[in-house]
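Coordinate inspection notes
Here is what each chain is made of, one letter per residue.
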Amino acid sequence: MVLELIMVAGVLVVALPALWLGTRGLTHRTGHYSSDVGADRVSLVLLVTLRALLLLLVLVLSAVTLVSAVGALVRDLELPSLVLVFFVLDLLLATLVVLTFGRRRPRPRATPAAR
């Protein structure tokens, strides 16, 4: 019972905010840009596609974990061990989202010369 509660809390506290932050930062990109416009467009499409697939995987893993954990709590059943693996993978991928493209960008500071 305690494990199921920890799993529900972990998904609600870590994975769902990571999904929110990840969708906000889906199309933002930092780093070097290519001088070739076509290559730059292809790299942006590839980047957004991979990020969207990662967010979809986090969403599916979160849904499976939540449904299984709440179902095990309500029906007082034993939780399958694969759900624990899904939970750990969900937390790892959510952490990856937050640390890569889910971070808030710092605002550029105004220089005294700009005033």
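Residues numbered from 1 in each chain as written. Predicted model: local features only at pLDDT ≥ 70, side-chain atom pairs only at ≥ 80, totals over all residues. Heavy atoms only, no water.

**Some points on the overall build of the protein**
Counting its secondary structure elements, the protein contains 3 helices and 0 strands. Tracing the protein from N to C terminus, the helices and strands come up as α-α-α. Counting every position in the protein, which comprises 115 residues, the buried fraction comes to 25%. When contacts within the protein are restricted to residue pairs at least 6 apart in sequence, long-range pairs at least 24 apart make up 80% of them. Summed over its atoms, the accessible surface of the protein is roughly 8300 Å², and 70% of this surface lies on carbon and sulfur atoms. (Helix = DSSP H or I, 4+ residues; strand = E, 2+ residues; numbered from the N terminus. Buried < 20%, exposed > 50% of the residue type's maximum accessible area, 1.4 Å probe, protein only. Contact = heavy atoms within 4.5 Å. Areas by Shrake-Rupley, 256 points an atom, 1.4 Å probe, with all protein chains shown as cover.)

**Examining the nonpolar core**
Among the nonpolar cores identified, the biggest contains 11 residues, and these are Met-7, Val-8, Val-11, Ala-15, Ala-18, Ala-69, Ala-72, Leu-79, Val-83, Phe-87 and Ala-94. Among the elements that take part in this core, helix H1 (residues 2-24) stands out by supplying 5 residues, more than any other. Setting aside its immediate chain neighbours within four residues, Ala-15 contacts Gly-10, Val-58, Ser-62, Asp-90 and Ala-94. If you look at the next biggest cluster of nonpolar residues, it comprises 8 residues, including Leu-54, Leu-61, Leu-93 and Phe-101. (Core = buried A, V, L, I, M, F, W, Y, C linked by side-chain atoms within 4.5 Å.)

**As for H1**
The terminal C-alpha atoms of H1 lie 33 Å apart, and with 23 residues this matches the ideal 33 Å at 1.5 Å per residue to within 8%. A maximum bend of about 30 degrees is found in H1 at Val-11. Of all the residues in H1, the buried ones are Glu-4, Met-7, Val-8, Gly-10, Val-11, Ala-15, Ala-18, Leu-19 and Gly-22. (Expected span 1.5 Å × (residues − 1). Bend = angle between axes of the 7 residues up to and from the residue.)

**Considerations on helix H3 (residues 81-100)**
Each full turn of the α-helix corresponds to 3.6 residues, which orients residues three or four apart in the same direction. Taking 1.5 Å as the rise per residue, H3 with 20 residues should run 28 Å; its terminal C-alpha atoms sit 29 Å apart, in good agreement. The set of residues buried in H3 consists of Val-83, Phe-87, Asp-90, Leu-93, Ala-94 and Val-97. Summarising the axial view, the buried residues of H3 lie within an arc of 140 degrees, below the 170-degree limit, and thus occupy one face. Of the exposed residues in H3, the ones pointing more than 90 degrees away from its buried face are Ser-81, Leu-92 and Leu-99. (Arc of directions from axis to C-beta.)

**Regarding the environment of Leu-5**
Counting through the fold element by element, Leu-5 comes out in helix H1. According to the relative accessible area criterion, Leu-5 is partly exposed, its value standing at 46%. Expressed as a C-alpha distance, the spacing of Leu-5 and Val-70, which sit 65 residues apart in the sequence, is 8.3 Å.

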